[in-house]
Amino acid sequence: MRVSLIYPGIAGYGFKSLGKGMEAGWVSHGLAHLSSAAKAQGFDVNLIDLRALSGWDEFREELYRRRPDVAALTMMSVDYNPATTAAQIIKESLPETVTVVGGPHPTIMVDEVAQIPHFDYVVTREGEITFPWLLGELRDGRHPENRILEGEMPDLDALPFPDRELFLNEWRKYGYTLDSPEVPFVPDLPAPFLTIIAGRGCQYNCNFCQPAERLLFGRRVRKRSPANIIAELKLLRDRYHFASFMFHDDCLTENREWVLEFCDLYQAEGFTQPFFCQSRADIIVRHEDMVQRMAQVGLKGYFIGFESGNDRVLRFLRKGTTREKNLAAARICRKYGIKIWANYMLGIPTETREEVMDTISMLKEIDPDWYSPAFYTPHPGSDLYDYCLEHDLSLITSHDQYRRNPWEIKVKGQDPEFLQWALKESQRRKPINAARRQIRYLWGRYARPDKVIRRLRRMLGV
Ligand code: B12
Ligand code: SF4
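The structure reproduced in this document is the subject of the present report.

**Side note on the sheet that holds strand β3 (residues 70–74)**
Across the sheet, six strands lie side by side as β2-β1-β3-β4-β5-β6; this open sheet has parallel pairing. What marks the edges here is a single partner per strand, and that holds for β2 (44–49) and β6 (148–150). Each adjacent strand pair in this sheet contributes to an overall mean axis angle of 25°, direction not counted. Pairing analysis gives three bridges linking strand β4 (residues 98–102) to strand β5 (residues 121–124), with the strands arranged parallel. Bridge pairing links Val 101 to Val 122 in β5. In the packing of helix α2 (residues 29–40) onto the sheet, the strands contacted are β1 (2–7), β2 and β3, and the crossing angle to β1 comes to about 170°.

**Considering the sheet that holds strand β10 (residues 244–247)**
The strand order across the open sheet formed by six strands is β7-β10-β11-β12-β13-β14, and the pairing between neighbours is parallel. Whereas interior strands pair on both sides, the edge strands pair on one side only; in this sheet they are β7 (193–196) and β14 (370–375). Neighbour to neighbour, the strand axes of the sheet diverge by 20° on average, direction disregarded. Two elements, strand β13 (residues 339–346) and β14, share six bridges in a ladder whose sense is parallel. Residue pairing in the sheet places Tyr 344 in a bridge with Pro 373 of β14. Sheet contacts for helix α16 (residues 353–366): β12 (299–307) and β13; angle to β13, the most-contacted strand, approximately 175°.

How each quantity is defined
Residues numbered from 1 in each chain as written. Chains lettered and ligands numbered in written order. Predicted model: local features only at pLDDT ≥ 70, side-chain atom pairs only at ≥ 80, totals over all residues. Pairing = 2+ DSSP bridges. Helix = DSSP H or I, 4+ residues; strand = E, 2+ residues; numbered from the N terminus. Axes fitted to C-alpha atoms, helices over the stretch in contact; angles between N-to-C directions. Contact = placed C-beta atoms within 7 Å.

Below is the structure:
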């Protein structure tokens, strides 16, 4: 039985976008896990990655070439249109092929997705147990009557490691002979670079995100054991000689003991590769010792959702932090040389101009290494999305608009000109900070003794 997994992630950069930044340079761990789970049960699995193709004609050609018995698609809300178009083309080209869809959007908006006739089966929640089961049923000629199947939670340590080669082999066919399994996104994470996931779920309750995470992964955070992560990292070290990596977990650091155990094992096994992960300001403030330990073993940067510099807005967002904690967390990061990727939002429902100005002033204090602003976007599955619908605030008319972009404001009642100004101003450093950074950059580039020695050696040929 031939199974084609289909990655529809072209909402951002479109077709022929492989290698362009995070969106088109990273594997989908969801599909990579489904692949290894299905292969473990003997199924023949391949991948069609829309990001590698030139357009829908080439997609049709790939379908005819592979003639899958089952085509399975993953879908975030933003992927709705390309995933639906792909399913329609599959049904037109190969009517016998059974189509299955799963992922965040089908889990959160199951009724909407179930209405699409091009999908034969909709799998909600996690797929590693249910998907191979469904394949087995289909192989044996049984077609489960229920089109909507609820996935089960697997024991994460018992799962085979995600099948990265599914993606990398496919990318190589299209000439992407990367010197890195995945695309690094900051100079602090050198190639070969890759991403990894240590667990699923999030115990926090931000209203612009939850309950989507709980719907997908359940109420409790489940983590792979540190030993299981280390075993995968060892395999990845042997196979790809990775020089850096990043954890994708929503919040790697919610469990201090887990983190400390991971750090001990990471060091004991001789790993020194730098890594990034997501954390939260309140956790950083609460567990400075953990931050220090992470920095000792290789942590180079945290993604932090500061979101706002105003306490009322932070309460409205149920963020569980305060402006003061945000600032304190940034100071702690600086103390241990950890770089800051600052996620924040502008144009949040109910937010006033003064409150936006608080976010701007907070960012000037934090002076992050990278600014990651977003105009607030109501994402299905979140309480704030429901609030926007109830108050008729959403300006979203197509699923494509769930994508973050710097030109489109997604909720009503905002002053676009002011928000565009705020977007720029929030990223303008204080002159003193800008000068300090410039000096540090020039020193690093031209005046570091090791670099000077290397340059001299190169010049002299010794
Ligand atoms: C890594 C990540 C990214 C990466 C994606 C890299 C990649 N190539 O996959 C990047 C940074 C590019 C990204 C971008 C965005 N992301 Co994102 N991302 C994540 C994150 C943190 C991890 C994804 C992951 O790998 N999870 C682990 C795997 C194992 O889980 P999974 O993919 O869900 O798959 C499991 C199940 O869903 C299911 N399943 C999935 N597919 C299928 C298919 C079938 C057939 C079956 C049976 C089952 C099944 O089985 C899988 C195994 O159990 C999640 C949050 C999270 N913790 O999952 C958010 C998340 C998926 N992202 C989200 C969002 C909103 C975005 C953005 C829209 C943000 C923005 N404003 O720009 C963009 C969209 C990018 C685009 N395509 O245009 C939301 C999606 C919400 C929604 N309603 O769709 C999430 C859930 C975060 C959140 N809580 O809000 N993201
Ligand atoms: S925004 Fe981040 S911390 Fe908040 S609930 Fe979602 S995943 Fe958790």
